[in-house]
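Listed below, chain by chain, are the residues.
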Amino acid sequence: MRVNSNSKDAAKSFLVVILMLFAAPLFAAAAQDGPYRVLVLESFRNTLAVNTDWHDGILRGFKTSPDPHVEIDVESPDLSHFGEEEYIQGLIELYRFKYRDQKPHLIIPTYTPALQFLLDYGEELFPGVPIVFCGASSRFLETVQLRPNITGVSSFWDIAGTVKLALQLQPDTRRVMVIVGAGAMDQKFERVARAALLEFENKLEFSWIRGAPLAELSIMASELPEQSVILYLVQMRDRDGQNHIPISMVAAVSSVTKAPIYGLWDTLIGHGIIGGRLVSLEEEGYQAAQMSLRILRGESPAAIPIIDKKQNRVILDGRELARWNISANRVPEGSLILNRQLSFWDEHRTKILLALLIILIQGLFIAALMLSRLRLQRSQLAIQSEIFRRRQSDSVASELRATLTKFSKERSLGIMATGIAHEINQPLIAIQNYAQAARRRIQNEEDQKAKLTELVEKIERQAGRAGGIIQHLRTLVNTDDADLQAAPLHTIVEQVIQLMEPGLKDQGFSLEYTQASKCPKVLADPLEIQLVLVNLVQNAVESMDSKDDVTDKKIRIQGQQLNEEEVQVTVADRGPGIPPEKIAAIFEPFYSSTKEGMGMGLAICRAIMDAHGGRIWCDPEPGEGAKFHFTLRIAAG
C-alpha cells in the first residue's frame, strides 16, 4: 500500500513517475549491449533455507522467458541480525565501491529488512534503479511511502487464519503454546501476533514461550497436556544469544512434542509442522521475477501494482495429519496436502481396479473362446479348403504369367521379324550361291577338290550363322538367362536401327543415334539389349501416335559414359509424357496405358536390366515427352 504525505512529496513523486516512464525504453534498449544484471539482496545470511526458497522461485520466474537474458548476483548481508549503524555504514561503503562502475539494472530485495535498507540508502547507492521486492511484510508496507521505482510482492503473516485452521482441524483445542524468539526481529513478530490473536483471548489459553533455549523448549513441548497445539512464529535467537535455524528448531521440537505444531511458512513443511495458512516463499520469488521481466522489457514499475495478499492458502503435511489422526473431512476445501498418506484403497486403487478389470476381461475371453472353439473347428476345414484352392490358383497364375511373358517376348520379337528375316536371308543366299558354284565345278569334271572344299566350308559357316541366329532367338523366348559378353554399344544400337528403320519410315518416324566419342565396350547379351531397345522405341512410337499435334516424330537414342563403371543409354520421344504419379507403376507386370497392350514390355525390360546388373528408369516430363534411361556395366579390359 502506498501512502502520500504532503503536497511537496507528492510533486516529487509525480516527477519521478514521469522520469521512470521516459526511462523505460532505455532499460529495454540496454539488452542490446549484453545481459541484464539483477541483484538479489537477501535479508538473512546465505545458510538459511528461506533464502533458497525465494531464490528458487526467482530463478523459475526468469526461466519462463529467454528474453531478456538475465544474470543474477546475490548479496546476503544478514540485515535481520545486524542493525548497528557501524555495520550498515560498512555495507554502504562496500556496495558503493563494488557497484560503482557497473550498477545492476534491477534489484530484488527479499523480506522486510532488505527492503528497508534500500528505502534508506537505495537512491544513494543505486539511483533510479527499479526495485521489485518479495516477502516484505504487508503491515510494514502500510507504514512507509514507496518511491515510484519500487513495486513487488508483499507477504502476509496469516496468524489468525492459522489458529482458526487449528480449531477446525482439532475442535477440542483449549491451549496454544506460542514459540517466539528473543531477538529484535523476533519481537516484531510477537507484537504482530499478539494483535492478531486478540480475538481468541476468551476462547483459548495462550502461553508465550519467548526465547527459550532448545533444550528447555523441548522439555516444555514434551509435557504439554491434551487439547493443546503449538504455534511456531519464529525464533532466530534465544535469550542466551544463540542463533537458530527455524527448520532445525521445528524438527527438534516435533520429535518430542505431544501436540501438533502449526507454522506460518511453507518452507517448514516436511520438517515437523502440520501446516497452516502458509506464506509460499518460492511463489513470492516467482511472482517477483515475473514482475521484473515486465520492467526489463520496458514497463514502468509505477504501472505495475503491488501484489498484496490478505489471506494465504491452507497447506498441510499429509504425514502429520496421519500422525495426529486428523480426519480428512475436517480439511478445508481447496487445501494443498503435501506428502499425502493414502489408505490401502487410495494407494492401490488403480492396481485393484486394473486387477478386477483383468479378471473380468479374462472371464469374457474364456466365454468367447468357448463359443469360438466350435466356430474355429468349422472354420479350419473351410480354411484348409481355401488354402488348397489358393495354392492351385497361385500355380495356375504362375504358369499364366510365364506364358504371358513368353508371348510378350514373342510380340516384341515380332517387331524385329523383318530385320531378323533379312539377317537370316543373307547366309541363306550365300549358301545358295556357294552351292551353285560347287555344282558348276562338279559338272565341269575338273579336278578342283581344293576349291570345292573351300566352298563347302563357306556353306557350313553360313548355315551355322543362320542356325545361330535362330537358336539365339529361341533361347531368348524360352529362358531368362542372359549370355553376357563384351560388346560395342554402337553395334548393338545400330543393328536395332537397321532392323526397325524401314518400318518406322513407312509410319513417318525416324531414329537418330548419338554416342560420345569414346564409349567403352559394355557387358551385355546383345540380343536382349536389342529387345529392350525395341520395346522402348515401340513405346515411343505408340506415345507419339496418341498425341495429335506431334510434328517432331524423331526418336532420339543417346549413349554416354556415366563413370568408370557404367554406360547410360537414353531413348527420348516428343509424346505427351507420363504423369509423375504413374512412374512407379509402369514397370510393374500387366500395367498398360493402352487397351491393346499386355502390360509386360517394360516389366520384361526391367527383368533384363536386373539380369545385366543395370538399372532402368523414366523421366516423365509431362507435355514435353518421355525419357527412358538404362545402364550397362563397362566390360573389364
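Since the structure is predicted, the reported quantities are computational estimates derived from the model, not experimental observations.

Draft legend 1. Representation of the overall build of the protein chain within the structure. When you go through the protein chain residue by residue, the secondary structure sums to 17 helices and 19 strands. Here the protein chain, with 637 residues, has 44% of them falling under the buried criterion. Taking contacts inside the protein chain between residues at least 6 apart in sequence as the whole, the part at least 24 apart equals 73%. For the protein chain, the accessible area works out to roughly 34000 Å², and carbon and sulfur atoms hold 53% of it.

Draft legend 2. Focus on the side chain of Glu75. Tracing the chain through its elements places Glu75 in strand β2 (residues 70–75). Looking at Glu75, the relative accessible area reads 9%, which means it is buried. Residue contacts for Glu75: discarding those within four places in its chain leaves Leu39, Val40, Leu41, Glu42, Tyr95, Lys98 and Tyr99.

Draft legend 3. Highlighting the packing of helix α2 (residues 49–63) against helix α10 (residues 281–296). Direction vectors running N to C along α2 and α10 enclose 40°, while the axes themselves pass 6 Å from each other. Judged by the inter-axis angle, α2 sits oblique to α10. The way α2 lies across α10 gives a crossing that is right-handed. Touching Val50, Asp53, Trp54, Asp56, Gly57, Ile58, Arg60, Gly61 and Phe62 of α2 are Leu281, Glu282, Glu283, Glu284, Gly285, Tyr286, Ala289, Gln290, Ser292, Leu293 and Leu296, all from α10. Residue classes in the contact of α2 with α10 are distributed as nine nonpolar, five polar and six charged.

Draft legend 4. The arrangement of the pairing of strand β3 (residues 106–110) in detail. Within β3, five of the five residues are buried, leaving the element largely enclosed by the surrounding structure. Of the two faces of β3, the one lined by Leu106, Ile108 and Thr110 and the one lined by Ile107 and Pro109 are each fully buried. Two strands pair when backbone bridges link them, and strand β1 (residues 36–42) and β3 are joined in this way by five bridges, in the parallel orientation. Residue pairing in the sheet places Leu41 in a bridge with Pro109 of β3. With two bridges joining them, β3 and strand β4 (residues 131–137) adopt parallel strand pairing. Each residue of the ladder has a partner; that of Ile107, found in β4, is Ile131. Each parallel crossover has a hand, and the one from β3 via helix α4 (residues 112–125) to β4 is right-handed.

Draft legend 5. Geometry of the sheet that holds strand β19 (residues 627–633). Strand order in the open sheet formed by five strands is β14-β16-β17-β19-β18, with mixed pairing between adjacent strands. At either end of the open sheet lies a strand with only one pairing partner, and these are β14 (510–515) and β18 (616–619). Mean inter-strand twist for the sheet, computed between neighbouring axes without regard to direction, equals 20°. Where β18 lies against β19, four bridges are found, and the strand directions are antiparallel. Bridge pairing links Asp619 to Lys627 in β19. Together, β18 and β19 form the strand contacts of helix α17 (residues 601–611), whose direction differs from that of β19 by roughly 25°.

Draft legend 6. Spatial organisation of the pattern of salt bridges. For the structure on display, the rule yields 21 salt bridges. Glu123 is the partner of Arg147 in a salt bridge, and the nearest nitrogen-oxygen pair spans 3.5 Å. Taken together, the positions of Arg147 in the loop between α5 (138–141) and β5 (150–155) and Glu123 in helix α4 put the pair 24 residues apart, joining distant regions of the chain. For Glu216, the salt bridge identified is with Arg239, shortest N-O distance 2.3 Å. One end of the pair, Glu216, is in helix α8 (residues 214–222); the other, Arg239, is in the loop between β8 (228–234) and α9 (246–254), with 23 residues separating them in the sequence. Within the structure, one salt-bridge network assembled from shared partners comprises Arg60, Glu282 and Glu283.

Draft legend 7. The side chain of Ser154, seen in detail. With respect to the helices, strands and loops of the structure, Ser154 is situated in strand β5. Accessibility expressed as a relative area gives 0% for Ser154, which makes it buried. Of note is the side chain of Ser154, whose polar atom sits 2.9 Å from the side chain of Asp308. Residues in contact with Ser154, not counting those within four places in the same chain, are Phe133, Ala136, Ser138, Leu141, Glu284, Ile306, Ile307, Asp308 and Lys309.

Draft legend 8. Layout of α8. Taken as a whole, α8 has its buried residues at Leu217, Ser218 and Ala221. An end-on view of α8 places all buried positions within 100° of arc, on one side of the element.

Draft legend 9. Structural view of the packing of helix α3 (residues 85–98) against α4. The contact between α3 and α4 brings their axes to 11 Å, and the two run at 35°. Along this stretch, α3 crosses α4, giving a crossing that reads as right-handed. Contacts between α3 and α4 involve Glu85, Ile88, Leu91, Ile92, Tyr95 and Arg96 from the first element and Phe117, Tyr121, Glu124 and Leu125 from the second. Of the residues that constitute the contact of α3 with α4, the class distribution is seven nonpolar, no polar and three charged.

Draft legend 10. Summary view of the nonpolar core. Counting residues in each nonpolar core, the largest one holds 78 residues, and the members touching the most others are Phe62, Ile108, Trp157, Ile159, Phe189 and Ile230. A total of seven residues in this core trace back to one element, the largest contributor, which is α10. Excluding residues that lie within four positions of it along the chain, Phe189 makes contacts with Tyr111, Trp157, Val180, Leu233, Val234, Leu264 and Trp265. Membership of the second largest hydrophobic core comes to 46 residues, among which are Val534, Val537, Val567 and Ile634.

Reading the values: rules and limits
Residues numbered from 1 in each chain as written. Predicted model: local features only at pLDDT ≥ 70, side-chain atom pairs only at ≥ 80, totals over all residues. Heavy atoms only, no water. Helix = DSSP H or I, 4+ residues; strand = E, 2+ residues; numbered from the N terminus. Buried < 20%, exposed > 50% of the residue type's maximum accessible area, 1.4 Å probe, protein only. Contact = heavy atoms within 4.5 Å. Areas by Shrake-Rupley, 256 points an atom, 1.4 Å probe, with all protein chains shown as cover. Axes fitted to C-alpha atoms, helices over the stretch in contact; angles between N-to-C directions. Parallel < 35°, antiparallel > 145°, perpendicular 65-115°, else oblique. Left-handed = near helix turned anticlockwise from the far one by under 90°. Nonpolar A, V, L, I, M, F, W, Y, C, P; charged D, E, K, R; others polar. Pairing = 2+ DSSP bridges. Right-handed = clockwise from strand over helix to strand, strands pointing away. Salt bridge = Lys/Arg side-chain N within 4 Å of Asp/Glu carboxyl O. Polar contact = N/O pair within 3.5 Å; in protein donor to acceptor, adjacent residues only side chain to side chain. Arc of directions from axis to C-beta. Core = buried A, V, L, I, M, F, W, Y, C linked by side-chain atoms within 4.5 Å.

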